[in-house]
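The residues making up each chain are set out below.
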Amino acid sequence: MEKILIIGACGQIGVELTLALRKAYSNQQVIATDIREEHELLKGTGPYAILNAMDATALLEIIRKEKITQVYLLAAVLSATGEKDPKRAWDINMQSLMQLLDIGVQEKLHKIYWPSSIAVFGTSTPKQNTHQKTIIEPQTVYGISKYAGELWCQYYHDRWGLDVRSLRYPGLISWKSAPGGGTTDYAIEIFHEALRSGHYTCFLEKGAYLPMMYMDDAIRATIELMESPVEKIKSRMSYNISAMSFSPEEIAAEIRTHLPNFSIDYAPDFRQKIAEGWPQSIDDSAAKADWGWKSEFDLKKMANEMLTHLKS
Ligand code: SER
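Cut-offs used in this document
- Residues numbered from 1 in each chain as written.
- Predicted model: local features only at pLDDT ≥ 70, side-chain atom pairs only at ≥ 80, totals over all residues.
- Heavy atoms only, no water.
- Helix = DSSP H or I, 4+ residues; strand = E, 2+ residues; numbered from the N terminus.
- Rg over C-alpha atoms; globule rule 2.2 N^0.38 Å.
- Buried < 20%, exposed > 50% of the residue type's maximum accessible area, 1.4 Å probe, protein only.
- Contact = heavy atoms within 4.5 Å.
- Areas by Shrake-Rupley, 256 points an atom, 1.4 Å probe, with all protein chains shown as cover.
- Lys, Arg positive; Asp, Glu negative; His and termini not counted.
- Charge placed at Lys NZ, Arg CZ, Asp CG, Glu CD.
- Axes fitted to C-alpha atoms, helices over the stretch in contact; angles between N-to-C directions.
- Parallel < 35°, antiparallel > 145°, perpendicular 65-115°, else oblique.
- Left-handed = near helix turned anticlockwise from the far one by under 90°.
- Near = heavy atom within 4 Å.
- Polar contact = N/O pair within 3.5 Å; in protein donor to acceptor, adjacent residues only side chain to side chain.
- Pairing = 2+ DSSP bridges.
- Salt bridge = Lys/Arg side-chain N within 4 Å of Asp/Glu carboxyl O.

K.L.:
Explain the overall build of the protein to me, please; I cannot follow it from the model alone.
P.N.:
The helix and strand tally for the protein stands at eleven helices and 14 strands. Computed over C-alpha atoms, the radius of gyration of the protein comes to 19 Å, within 12% of the 20 Å expected from 2.2 N^0.38 for 312 residues, which places it in the range of a compact globule. Along the three orthogonal principal directions, the C-alpha set of the protein runs to about 55 × 45 × 40 Å. Sorting the 312 residues of the protein into buried and exposed places 54% on the buried side. Within the protein, counting contacts between residues at least 6 apart in sequence, those at least 24 apart form 79% of the total. Surface accessibility of the protein: about 13100 Å² in total, with carbon and sulfur atoms responsible for 52%. When the 34 positive and 39 negative side-chain charges of the protein are each reduced to one mean point, those points stand 3 Å apart.

Here's what the structure looks like:
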């Protein structure tokens, strides 16, 4: 019987992924952990424990005690927060991964999931339809840690046969749990402010066009990747996945079709420079060809879902 451990279960992805995996498996088969107190939406849905992703001893203990077979490591310091304390971001992002990879080999884990990001790309990368294998020179500490991590995942697979799988998420848009310090978080704040005050001051500039994805698509992609037969996983770095791209003025125009009085202005900060380093659209043909990935949410459908759920 598979037994799944989620590290970082109270984060933006963690809450929804935990709930989805509990539905796909059973509540008892999915152990949620985070350094924080249990998220409201997880309460009563299955086992929960406090775990610091940097604590290798505690990690090994819970893996042995619960007879864990699969681990999803979601704890990370994202792009904007990472730039404020680069050394700390590097330590958290790398140490949590490296110790898990070692434990994965030692304890013969069946599968590990570790997310990467469009942040691996930098200004030297072609901006349109960015291919999975291209020039990769990340400019944020977050991007550097994700790219280094991808290489380590591939190394542990090739050298020790560890089944590690990974996706490069675009900006993720969701309403259930709050985002955690990313450059793409404006695309969530804008919905909250549109409903609260009817106005949003955007920390990115007009024209900052970025790849984005609705959380339902991201969760489905993650589970589909992890459930795919091993022979379909041809990339042991990380798969590009794509759903939509838009600029702040385009998402504002879409919100205006629901809330005609909504207004936006721009006060770009340091995050604008991070956004400028990232691609505008992503080529996900490898994910489509290898394990049948297909997105379902475009800008219109996503905005409609966000406003409907946030209103209620
Ligand atoms: N959403 C992330 C960020 O902005 C990108 O992976 O940091």
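Let's pick the thread back up.
K.L.:
Even after reading the chapter, I still don't get the packing of helix H1 (residues 12–24) against helix H7 (residues 215–227), so can you show me in this structure?
P.N.:
Each packed pair of helices is defined by two parameters, the angle between the axes and the distance between the axes. Running from N to C, H1 and H7 point in directions that differ by 60°, and their axes come no closer than 10 Å. When the interaxial angle is binned, H1 and H7 end up oblique. Crossing of H1 over H7 shows right-handed handedness. Across the interface between the two elements, Gln12, Ile13, Glu16, Leu17, Ala20 and Leu21 from H1 touch Met215, Asp216, Ile219, Thr222 and Ile223 from H7.

K.L.:
Hey, could you run me through the site of the ligand in this one?
P.N.:
Surveying the vicinity of the ligand reveals the residues Leu78, Ser79, Ser117, Tyr142, Gly182, Thr183, Thr184 and Trp278. One of the side-chain nitrogen or oxygen atoms of Ser79 is found 2.6 Å away from an oxygen atom of the ligand. In this structure, an oxygen atom belonging to the ligand sits 3.4 Å away from a side-chain N or O atom of Tyr142. Within the complex, 94% of the 240 Å² of free accessible area of the ligand lies under protein.

K.L.:
Even after reading the chapter, I still don't get the sheet that holds strand E3 (residues 48–50), so can you show me in this structure?
P.N.:
Sheet strands associate in pairs through backbone hydrogen bonding, adopting either a parallel or an antiparallel arrangement. Taken in spatial order, the six strands make up an open sheet running E3-E2-E1-E4-E5-E7, and their pairing is parallel. Both edges of this open sheet fall to E3 and strand E7 (164–165), since each of them pairs with a single strand only. With three bridges joining them, strand E4 (residues 70–73) and strand E5 (residues 111–113) adopt parallel strand pairing. Residue pairing across strands places Val71 opposite Ile112, the latter belonging to E5. Taken strand by strand, helix H4 (residues 86–106) contacts E4, E5 and E7, and its axis lies near 175° from that of E4.

K.L.:
Can you help me understand the pattern of salt bridges in this one?
P.N.:
A pair can form between side chains of opposite charge whenever their charged atoms are brought close. In the structure shown here, the tally under the stated rule is 16 salt bridges. As a salt-bridge pair, Arg36 and Asp34 come within 3.1 Å of each other at their nearest N and O atoms. Residue Glu66 pairs with Lys65 through a salt bridge whose shortest N-O separation is 3.8 Å. Residue classification places Lys65 among the exposed residues on the basis of a relative accessible area of 62%. Taken together, the shared-partner salt bridges in this structure form one network comprising Asp217, Arg220, Glu224 and Glu296.

K.L.:
Can you walk me through the environment of Val71 in this structure?
P.N.:
Along the chain, Val71 turns up in strand E4. Accessibility expressed as a relative area gives 0% for Val71, which makes it buried. Taking the C-alpha atoms as reference points, Val71 and Ile264, 193 residues apart in sequence, are found 41 Å from one another. Residue contacts for Val71: discarding those within four places in its chain leaves Leu5, Ile7, Ile63, Leu100, Leu109, Lys111, Ile112 and Tyr113.

K.L.:
I tried to follow the sheet that holds strand E11 (residues 210–214) on my own but got confused; where do I start?
P.N.:
The three strands lie next to each other as E9-E11-E13, forming an open sheet whose pairing is mixed. Looking at which strands have only one partner, the edges of the open sheet turn out to be strand E9 (171–173) and strand E13 (244–246). On average, each strand axis in the sheet is inclined to that of its neighbour by 45°, with strand direction left out of account. The pairing of E9 with E11 spans three bridges and is parallel.

K.L.:
I tried to follow the side chain of Asp185 on my own but got confused; where do I start?
P.N.:
Tracing the backbone shows Asp185 in the loop between E9 and helix H6 (186–196). It turns out Asp185 is buried and unbridged, and the closest side chain with the opposite charge, Arg271, is 6.2 Å from it. Within the structure, Asp185 has its side chain in polar contact with the backbone nitrogen of Gly181 (distance 3.1 Å). Those residues within four positions of Asp185 in sequence are excluded, and the remaining contacts are Pro179, Gly180 and Phe203.

K.L.:
How should I be thinking about the pairing of E11 in this particular structure?
P.N.:
In the case of a regular strand, side chains alternate between the two sheet surfaces. With five of five residues buried, E11 lies mostly within the body of the structure. The alternating pattern of E11 places Leu210, Met212 and Tyr214 and Pro211 and Met213 on opposite faces, both of which are buried. In the sheet, E11 pairs with E13 via three bridges, with the strands oriented antiparallel. Along E13, the bridge assignment pairs Pro211 with Ser245.

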